[in-house]
Amino acid sequence: MTKWEKLDNNKVSMEVEVEAEKLEEALGQAYRKVVGKIHVPGFRKGKVPRRVLEARFGPEILYEEALEVLVPEAYQKALEEVDFEPIDQPELSIKQIEQGKPLIFEATIDVKPEVELGQYTGIEVDYEEPEVTEEQVEEYLSNLQEKHVRLVVVEDGEVEEGNIAMIDFVGYLEGEPFEGGKAENYSLEIGSGTFIPGFEEQLIGARLEEEKEIQVKFPEDYQKEDLAGKDVTFKVTVKGIKRKEKPDLNDDFAKEVSDFDTMEEFRQDVLNKLKEEAEKKAQTDLEEKVIEKVTENSKVDAPEVLIERELDRVLSDFSQQLKMQGLTLEQYCQLTENTEEDIKEDNRGEAEKRVKANLVLETIMKKEDFTASPEELEEKFKKMAQSYQQEPENIKEYFEKSGQLDIIKKEIAFRKAVDFLVSEAKVNKVAPQKEEIDLLEGLSEPIEEKTQTAETEANVESAED
Amino acid sequence: MRDARDIIIKPIVTEKSTMQMEENKYTFKVDIKSNKVEIKKALEEIFGVKVKSVNTMKVKGKPKRMGVHRGYTSDWKKAVITLEPDSKPIEIFEGL
């Protein structure tokens, strides 16, 4: 017996009634629980009759205990009856509680807001056909080359930009050696900017075994205050010079870095890999675009609770990421002079977008009746089993036990909905705007509006992962 | 004349007395100098019930000590009264 009314789009107030007998039963239970804890003079512990207890402490003493059991149960049942999906803890207020009368309480809950779906089939989107150019392959290979450089000792020559010089050096401040200004056999890459500005540049041209005096000025913001802004002299001895040598792109190189025997095969493999990546990215881009359009077409409010929850999730993901880099969230906040609130605020817009998209997708899921079939579930477990190197049975058991089965099911249904939307969408194939994407990182102004949205969308996706 | 409420001092609520209530027996602490007849009359006046019988006993005070000082708590009189079966019950928990 549940009456309910809508307060606004995502708030519902329910009036739940529990039968008097049920209340009586719960009160009896409550009495048995309470009686052991209370001492009344004239009675041994646990022997106080209920009448005495109620007369002495008032019947309210039992209500609290009884409600603790009764309300959540009744609340759950009422929810099933009215078929709402709450997204937050309910606000409860007791309307009537008296012995021999039914218990009446009111629950105000935030529910998922109703979504007015707009057009969601036949969405028109641009699809950038993935294309991998020869240059991208070259770039990939040259990156690989960089990683596999060999150091070759230069027997007779001068220090050049990009070389690695083995040096001994002593630094003098006003004629006196200063602390930390001395080292032996130090490998310094010229042009790496490891040392204070001017040092590395002045070394260029120095010959092997040459002693050189270098005049440099410490920058004003140097971390050691007694040195900052001071002119110093370094006496440097070059003990060795090494040149970096890139490996040639030949079959040997291919053998070294891959399982392929010839460069030709390796190059083909790189091409394939890059293509695969590009296709994946294009696919996610497409999905994101479709979802975005569908969301735009629908009318939906994102409740504050959900946004807040999404933000919390973003934050915890973020702190996980930081942890991998050996930072805690607090440390990060200190470094960037941000607070958690700032980070949340920065992400609010995106979070709202995602919440909306999720709500829309869920509604579509319901409307089109996408559910996970047992076979699909089985399939998913198999996949997971593979990546965790476990038996599918174990994985299944784990999820069943931890009650996350529903989450998995939802995930599958979600996937289906997305696939459905994409398959129903009208996809306009457009030529890739590859250069722009590559340039985007360095460029302050994106060339075309469209590319920018596509890019940010892609970022959203990766941030979610 | 002493008032009825000077005779009946307070109800005794213990495990035993609560159990006896099922047999229509109620227990009170009463004035130590009062007798059964007075108690019966006082109860009928206060609660408007019909009293069948009154059993009384004197409860000796307990020896108590406060540091070096020794003494006793006061003696008192306990009255267990039985109501007629057709009498209305005493709302003994009232004002507890």
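Everything below is about the structure shown above.
Keep in mind that what you see is a predicted model, and the values were worked out from it rather than measured.

Peer 1: Would you take a moment to explain the pattern of salt bridges for this structure?
Peer 2: Close approach of charged atoms allows side chains of opposite charge to pair. Residue and element names in this part refer to chain A. Under the criterion given, the structure shown has nine salt bridges over all chains. In this structure, K33 engages E65 in a salt bridge whose closest nitrogen and oxygen atoms are separated by 3.4 Å. Separated by 32 residues along the polypeptide, K33 in helix α1 (residues 20–35) and E65 in helix α3 (residues 60–82) bring together distant segments of the chain. The exposure class of E65 is buried, given its relative accessible area of 16%.

Peer 1: What's the story with the packing of helix α11 (residues 374–388) of chain A against helix α13 (residues 405–424) of chain A in this structure? I'm lost.
Peer 2: Each pair of packed helices can be summarised by the angle the axes make with each other and by the distance between the axes. Residue and element names in this part refer to chain A. Running from N to C, α11 and α13 cross one another at 105°; their axes reach a closest spacing of 10 Å. Relative to α13, the element α11 is oriented roughly perpendicular. Taking contact as the criterion, the partners of E376, L377, K380, F381 and M384 in α11 are, on α13, L405, I408, K409, E411, I412 and K416. Grouping the constituent residues of the contact of α11 with α13 by class yields six nonpolar, no polar and five charged.

Peer 1: Just checking my understanding: could you explain the packing of aromatic side chains for this structure?
Peer 2: Two aromatic rings, taken as a pair, are described by how far apart their centres are and by the angle between their planes. All names here are of chain B. Counted according to the given criterion, the structure contains one aromatic pair over all chains. Summarising the aromatic geometry, the rings of F28 and F47 are spaced 5.9 Å apart at their centres and angled 35° between planes, so their arrangement reads as tilted. Within this pair, whereas F28 is found in strand β2 (residues 25–30), its partner F47 is found in helix α3 (residues 36–47), the two being separated by 19 residues in sequence. You can call F28 buried: its relative accessible area is 1%.

Peer 1: Sorry, what's going on with the interface of chain B and chain A here?
Peer 2: Much of the literature gives interface size as the accessible area that the parts lose upon coming together. Contact with chain B, which involves six residues of that partner, is made by nine residues of chain A. Here chain B and chain A share an interface that buries about 700 Å² over both sides, 61% of which is from carbon and sulfur atoms. Inspection of the region where chain B meets chain A yields one salt bridge. R44(A) is the salt-bridge partner of E15(B), the closest N and O atoms lying 2.8 Å from each other. In terms of residue class, the side of chain B that touches chain A is built from three nonpolar, two polar and one charged.

Peer 1: Got a minute to help me understand α13(A) in this structure?
Peer 2: Owing to its 3.6 residues per turn, the α-helix brings residues three or four apart onto one side. With 20 residues, α13(A) extends 29 Å from end C-alpha to end C-alpha; this agrees with the ideal 28 Å at 1.5 Å per step. Among all positions of α13(A), only L405(A), I408(A), I412(A), A413(A), F414(A), A417(A), V418(A), F420(A), L421(A) and V422(A) are buried.

Peer 1: Would you mind showing me how to read the environment of P303(A) here?
Peer 2: Looking at where P303(A) falls in the secondary structure, it is placed in the loop between α7 (263–297) and α8 (304–324). Sequence separation between P303(A) and K112(A) is 191 residues; the distance between their C-alpha atoms is 7.8 Å.

What counts as what
Residues numbered from 1 in each chain as written. Chains lettered and ligands numbered in written order. Predicted model: local features only at pLDDT ≥ 70, side-chain atom pairs only at ≥ 80, totals over all residues. Heavy atoms only, no water. Salt bridge = Lys/Arg side-chain N within 4 Å of Asp/Glu carboxyl O. Helix = DSSP H or I, 4+ residues; strand = E, 2+ residues; numbered from the N terminus. Buried < 20%, exposed > 50% of the residue type's maximum accessible area, 1.4 Å probe, protein only. Axes fitted to C-alpha atoms, helices over the stretch in contact; angles between N-to-C directions. Parallel < 35°, antiparallel > 145°, perpendicular 65-115°, else oblique. Contact = heavy atoms within 4.5 Å. Nonpolar A, V, L, I, M, F, W, Y, C, P; charged D, E, K, R; others polar. Phe/Tyr/Trp six-rings, centres within 6.5 Å; stacked < 30°, edge-to-face > 60°. Buried area = accessible area lost by both parts, 1.4 Å probe. Expected span 1.5 Å × (residues − 1).

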